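Below, each chain spelled out in residue letters.
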Amino acid sequence: MFSHELIMSRELAELLFPNVDKTLDYYENLFPERNLDKKAKVTRLGPSPTGFIHLGNLYGALVDERMAHLSGGIMLLRIEDTDDKRKVEGSEELIINSLKFFGIEFDEGVTIGGERGLYGPYRQSDRKEIYQTAAKFLTQKGLAYPSFVSEEEMAEIREQQEKEGVNTGYYGKWATDRDLSFNEIKSKINNGESWTLRLRSNGDPEVAMKFIDGIRGEITVRQNNLDVVLLKQNGIPTYHFAHVVDDHFMRITDVVRGEEWLSTLPIHLELFYVMGWRRPNYNHTAHLMKVENGNKRKLSKRKDPELSLEYYMKDGYFPQAVTEYLMTLMNSNYEEWRMKNQDKSYMEFAFKTKNMSSSGALFDLNKLNDISKDVLARISVDKIVDILISWAEKFDDKSYKLLIKYREELIKLLSIGRGGKKPRKDLMNCRQIMEFISYYFDEGFEYVDSLPERVSKEDAKVILNSYLKTYNQNDTNEEWFEKVKTITDNNGFTSNNKEFKKNPEQFKGNITDVSTAIRVAVVGRQQSPDLWNIQQIMGETRVKNRINKYLEII
């Protein structure tokens, strides 16, 4: 740059930023390089406080967390709140509490009611002075200029560009304010005209550059030639400028973000270059996808309730299960590792970004449910009940009162069939568990299923009356079952299943039909965990009351 141009750029910087008295060196000293191992990664999650936090946020946060902590590094939370129009009250608390619920806790950044760490402020709305110092620096170097183009004029430019069949944006011959003289700029400002600060891009989109993405490997990007807005008319930065400044001064080493930002990567690379800063490593994750009508599509906030984290919290999915499922989406070799390491924490898995899919991670709610069953089979019953109570306290007051009342009995109830080489795996989430055990509560109890097909109401009355006469709470499982066999054989059914298969026409049914009829009378359903164990927990009085009530109904 010629000396007179440099002088004009400095004068322009003073004209635009008369109150900015700090330099970049000041902030370099204030936010020095972190004292970490060379291999340690510093990552950040930068959500906007819009009142909606989704599965994609959790997915990205888990990648951030694993990258940072597996390397002995740091993960921070930065609230990107430069857009006042989208800000929703209480969003910060929602973000922090939702992520904490799923096991994501930050080493530094925004906290409930404050901040933690030496590289803040961690809200972009509190960092205006830092952005303006960086903007003044670019203006002094002749790399940024004020633009007085209104939104209406910009819309006209785009319309004309579309007619000419060229890329839309402020660049080349369209960037008319780029050539304004110092006096013209000064005159417009003195006249009270509003301005934005734009990058004076020197890129050439015909030039291709090789770029290594942490997930996608080597990709090709074109140089940026857009004179993008750096500061809006209110002096607040755009996302492009803010994240570059923040990532530098927070000493972020690795950025994890969605693939939708790939198109703007050339802008960010140029900004790091003109600022003279080392850029972080970028990792662009694939969208979470689902199959609909045989085709894949991106999960949608409007179409898919399962995109919201609130969906999983309200249904009471256990945090460990959701995390476990996301790990299978993050690295395809995780499932094989889990099979060999049933008792280990997912934190011991050697997660690598290079093993992530770049074509779209397929989200499958059924698979999440299957994984949930596996996870719950490994969790102690005491802990399951505690989580169940905690969930009900927040989301289901009626269930909460029942869980408190029957807590000790439920521990025994949910323990049925969980031992041995093949423990039962039928518990999935809190709402499903409540439906699953609802038969146990007298409050709101109802008979869901009908009698088995081969048992008439008349036969059921005879079977159940016989069962009541012989029932003894002190019977062992074997003694109890022998009595059921006797009732079966005495009433035209057979306890010999082989004989029933050979000559079914000789019998009304078999022992399965009889025991199912008893089960319906006791728990209101044709299927349940082991009936003898359930009756032992219920107690004789409740068992007989249930049967007598059923006899009245039929």
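Up top is the structure these notes are about.
What counts and what doesn't
- Residues numbered from 1 in each chain as written.
- Predicted model: local features only at pLDDT ≥ 70, side-chain atom pairs only at ≥ 80, totals over all residues.
- Heavy atoms only, no water.
- Core = buried A, V, L, I, M, F, W, Y, C linked by side-chain atoms within 4.5 Å.
- Buried < 20%, exposed > 50% of the residue type's maximum accessible area, 1.4 Å probe, protein only.
- Contact = heavy atoms within 4.5 Å.
- Phe/Tyr/Trp six-rings, centres within 6.5 Å; stacked < 30°, edge-to-face > 60°.
- Helix = DSSP H or I, 4+ residues; strand = E, 2+ residues; numbered from the N terminus.
- Pairing = 2+ DSSP bridges.
- Axes fitted to C-alpha atoms, helices over the stretch in contact; angles between N-to-C directions.
- Patch = residues over 30% accessible without salt bridge, like charges linked within 9 Å, V, L, I, M, F, W, Y side chains within 5 Å.
- Areas by Shrake-Rupley, 256 points an atom, 1.4 Å probe, with all protein chains shown as cover.
- Salt bridge = Lys/Arg side-chain N within 4 Å of Asp/Glu carboxyl O.
- Lys, Arg positive; Asp, Glu negative; His and termini not counted.
- Charge placed at Lys NZ, Arg CZ, Asp CG, Glu CD.
- Parallel < 35°, antiparallel > 145°, perpendicular 65-115°, else oblique.
- Left-handed = near helix turned anticlockwise from the far one by under 90°.
- Nonpolar A, V, L, I, M, F, W, Y, C, P; charged D, E, K, R; others polar.

Colleague: Mind laying out the nonpolar core, listing which residues take part and the relevant values?
Modeller: General note: in soluble globular proteins, nonpolar side chains tend to be found buried as a group. In this structure, Phe-241 and Ile-437 are the most contacted members of the largest nonpolar core, which totals 155 residues. Residues contacting Ile-437, with those up to four places away along its chain left out, are Leu-388, Leu-410, Leu-413 and Leu-414. In terms of nonpolar packing, the next biggest core, distinct from the first, is built from eight residues, Tyr-145, Ile-157, Tyr-170 and Tyr-171 among them.

Colleague: Which residues make up the packing of aromatic side chains, and what values do they have?
Modeller: Enumeration over the complete set of coordinates arrives at 23 aromatic pairs. Relative to Phe-363, the ring of Tyr-325 lies with its centre 5.6 Å away and its plane at 75 degrees, an arrangement referred to as edge-to-face. You can see Tyr-325 sitting in helix α11 (residues 319-330) and its partner Phe-363 sitting in the loop between β14 (361-362) and α13 (365-378), a full 38 residues away along the chain. Considered together, Tyr-325 and Phe-363 belong to a single accessibility category, that of buried residues. Measuring from ring centre to ring centre gives 5.0 Å for Tyr-334 and Phe-349, while their planes differ by 90 degrees; the resulting arrangement is edge-to-face. Of this pair, Tyr-334 sits in helix α12 (residues 334-340) while Phe-349 sits in the loop between α12 and β14, placing them 15 residues apart in sequence. One aromatic cluster in this structure is built from Tyr-26, Tyr-27, Phe-31, Tyr-119, Phe-249 and Trp-277.

Colleague: Can you break down the sheet that holds strand β6 (residues 196-199) residue by residue, with the values?
Modeller: What holds strands together in a sheet is hydrogen bonding between their backbones, with the strands either parallel or antiparallel. If you walk across this open sheet you meet the three strands as β5-β6-β9, and the pairing is antiparallel. Edge strands, defined here as strands with exactly one partner in the open sheet, are β5 (144-147) and β9 (229-231). For this sheet, the mean inter-axis angle between neighbouring strands, taken without regard to orientation, is 45 degrees.

Colleague: Could you give an account of a negative patch on the surface, with specific residues and numbers?
Modeller: Among the surface-exposed residues, Glu-151, Glu-152, Glu-153, Glu-156, Glu-159 and Glu-162 lie close enough to one another that they form a single negatively charged patch. Considering the arrangement of structural elements, one finds Glu-151 in helix α6 (residues 151-164). A relative accessible area of 69% places Glu-151 in the exposed class.

Colleague: I'd love a proper account of the packing of helix α19 (residues 477-490) against helix α21 (residues 511-523), names of residues and values included.
Modeller: Running from amino to carboxyl end, α19 crosses α21 at an angle of 110 degrees, the nearest separation of the two axes being 9 Å. Compared by their axis directions, α19 and α21 come out roughly perpendicular. Between α19 and α21 lies a crossing whose hand is right-handed. When α19 is examined against α21, the residues Phe-481, Val-484, Lys-485 and Thr-488 are found in contact with a partner set consisting of Ile-511, Val-514 and Ile-518. Its residues placed into classes, the contact of α19 with α21 shows five nonpolar, one polar and one charged.

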